[in-house]
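Observations on the three-dimensional arrangement
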2 protein chains.
Amino acid sequence: MIGVFDSGYGGLTILKEFLRELPEYDYMYLGDNARAPYGNRSHEAVKSFAEEGIQYLFSKGCILIIIACNTASSQVLRELQEEYLRTPKVTDRKILGVIKPLAEKSAKITTKKRIGVVGTRATVQAKSYDHELQSLDPTIQVYSQDCPLLVPLVEEGWSHKPEGRMILKKYLRPLKSANVDTLILGCTHYPFLIKDFRQIMGKSVNIPHPGEVVSASLKDYLQRHPEIEQLLSKKEGRHFLTTDDPVRFKEVGDRFMKTDLKNIQKVDITKTTK
Amino acid sequence: MIGVFDSGYGGLTILKEFLRELPEYDYMYLGDNARAPYGNRSHEAVKSFAEEGIQYLFSKGCILIIIACNTASSQVLRELQEEYLRTPKVTDRKILGVIKPLAEKSAKITTKKRIGVVGTRATVQAKSYDHELQSLDPTIQVYSQDCPLLVPLVEEGWSHKPEGRMILKKYLRPLKSANVDTLILGCTHYPFLIKDFRQIMGKSVNIPHPGEVVSASLKDYLQRHPEIEQLLSKKEGRHFLTTDDPVRFKEVGDRFMKTDLKNIQKVDITKTTK
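Residues numbered from 1 in each chain as written. Chains lettered and ligands numbered in written order. Predicted model: local features only at pLDDT ≥ 70, side-chain atom pairs only at ≥ 80, totals over all residues.

Attention now moves to the relation of the copies chain A and chain B. Under the fitted operation, chain A is carried onto chain B by 0.0 Å of movement along the axis and a turn of 180°, and the coordinates agree to an RMSD of 0.0 Å. Both chain copies can therefore be described as sitting about a two-fold axis. Considering only C-alpha atoms, the residue of chain A closest to the rotation axis is R35 of chain A, which sits at 2.4 Å. A share of 100% of the interface residues of chain A reappears at the interface of chain B, consistent with the copies meeting face to face through the same patch. (Least-squares fit on C-alpha atoms with pLDDT ≥ 70 in both. Contact = placed C-beta atoms within 7 Å.)

Encoded structure:
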């Protein structure tokens, strides 16, 4: 089974592309809605929450977990990967994030080597996209902008109202001035606004869709790692777990996925043992 | 010691008035910042989080706890009070909320018996102000409006920018149309916007300051309950606890309290035993 971990609903924009591109596998989505959003929390809090999520998904039989949440990916993915690599028993368990695929794609398509990054405060402060991009090509210039109001605007359905659009424009002004040619949407909620981002930034700016990029990267990973791929169950099962109210999860989830979600279950992830 | 529990920083607007009006007592403030905000969470989540906070404060020697968070006050105060009343050992421990004092004050000052309530989604859905007001006077008409974007706007410092003000205006439009004569600020973050609320609603609408109301009510409570009052320590001690980063707590807390906060400590409240 493939696990998708997110602080809340945002990761569904990634899962949606997995289901389109790689529908044959079993998926288990876990949203830590009772403690979302992670974007303004401390490193320590994000680490302990993400660790609980990962452990829970492994305990339920996931072999490969994608941390869809940019905040968790940028703050604690490496630490969690190292912890799991150190334990000899768990070489058949893998954790992947979303930063690397997005950085690689952007480094490939940039024309003027001026890349913008938008995300939550925690993601921007962790500078993971900066590090990843510069290790791929040290001549790339990175311009980052944290946009803490975009997640609540999307979740409340205000992002397309005039006020939401004005706020988005204000956030993007410095990136427009910096003349970036590529923009990384470093938060799983932002793809809902991809049209607005494209309109405001203009046609000359490349804005890859995170779900498409991460899904292409997963496809590629599975081809390169048949030893992992063959461990994955393929019954087209879909399981949705949340740490808060499953009714509200279905409500928002249906809207995000444009479908009728089934198998939504409330779980307590704070008590799994390694 | 008097405990003040809140999901995050908002309760500091209440504590600030306690310190002004009743400075002689020892206070312990606990902000559950690692899981804030509570405003969109399920009843079950709010209950278990608030219960952990209450238990922690009692375990640290608090005799009287004020749940400053409207979401927790409106969703779970009564349940928690009943739980503690049922246990014979803890008759010297009291829990108070913010709904009742605000409702009583508003019922007293309303001129046309048309009262508006603004708050988070959870507070508005719980209808606690409605029930409280109608039990005080069944002829009072209550008009509620949830304003889920106001907390992030205040926390990000955008509430006074034109976009923030436009959003506030949009939220208040139905209450203006309903011709309310009194408006209850049912969320501890809103007092930061009290001038904007007053300006938009107009001079004919009464908007009591929640901190002032709750603090007057606490003063009155202590006069009526000398058996509780005499148990409270009076060394002017101030302790600040947070479940997330104390550095960030100090940053925001200093801004909220307009002072230099000391004694800020990070705590884990998930492991207290009753």
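To continue, consider the interface of chain A and chain B. Contacts between the two partners involve 16 residues from chain A, matched on the other side by 16 residues from chain B. Here the element with the most residues in the side of chain A that touches chain B is helix 8 (residues 162–177) of chain A; it accounts for three residues. Counted by class, the side of chain A that touches chain B contains eight nonpolar, one polar and seven charged residues. (Helix = DSSP H or I, 4+ residues; strand = E, 2+ residues; numbered from the N terminus. Nonpolar A, V, L, I, M, F, W, Y, C, P; charged D, E, K, R; others polar.)

Time to look at the domain arrangement of chain A. All names here are of chain A. Per the domain assignment, the segments of chain A are domain 1 (2–97 + 212–266) and domain 2 (99–209). Between the C-alpha centres of domain 1 and domain 2 the distance comes to 22 Å. Here the residues of the side of domain 1 that touches domain 2 sort into eight nonpolar, twelve polar and three charged. (Domains from an automatic or database assignment.)

Residues S128, Y129, E132 and L133 of chain A constitute the buried set of helix 6 (residues 128–136) of chain A. Within helix 6 of chain A, the buried residues cover an arc of 120° as seen down the axis, which keeps them to one side. (Buried ≥ 20, exposed ≤ 12 C-beta atoms within 10 Å, placed from the backbone. Arc of directions from axis to C-beta.)

Here the amide bond leading from A36 of chain A into P37 of chain A is cis, since omega sits at -5°, within 30 degrees of zero. Even without being a glycine, N179 of chain B presents a positive backbone phi close to 55°. Within the fold, N179 of chain B resides in the loop between helix 8 (162–177) and strand 7 (182–186). Within the chain, E236 of chain B stands out as a residue other than glycine whose phi angle is a positive 55°. Position of E236 of chain B among the secondary structure elements: in the loop between helix 11 (226–229) and strand 8 (238–242). Judged by local crowding, E236 of chain B falls into the exposed class, with 11 C-beta atoms found within 10 Å.

What follows is about the environment of G31 of chain A. Residue and element names in this part refer to chain A. By the secondary structure assignment, G31 is in strand 2 (residues 27–31). Since 27 C-beta atoms lie within 10 Å of it, G31 is described here as buried. Placed 232 residues apart in sequence, G31 and N263 show a C-alpha to C-alpha distance of 14 Å. Here G31 is in contact with D6, G8, Y9, G11, T242 and F249, once residues within four sequence places are set aside.

All names here are of chain A. Read across the open sheet, the three strands follow the order 6-5-7; overall the sheet is parallel. The open sheet has two free edges, formed respectively by strand 6 (141–146) and strand 7 (182–186), since each of these has just one partner strand. Taken over all neighbouring pairs, the strand axes of this sheet differ in orientation by 20° on average, direction set aside. Here strand 5 (residues 114–119) pairs with strand 6 via six bridges, running parallel. Paired with V117 across the two strands is S144, which belongs to strand 6. Its contacts with the sheet place helix 6 against strand 5, strand 6 and strand 7, and it is angled at close to 165° to strand 6. (Pairing = 2+ DSSP bridges. Axes fitted to C-alpha atoms, helices over the stretch in contact; angles between N-to-C directions.)

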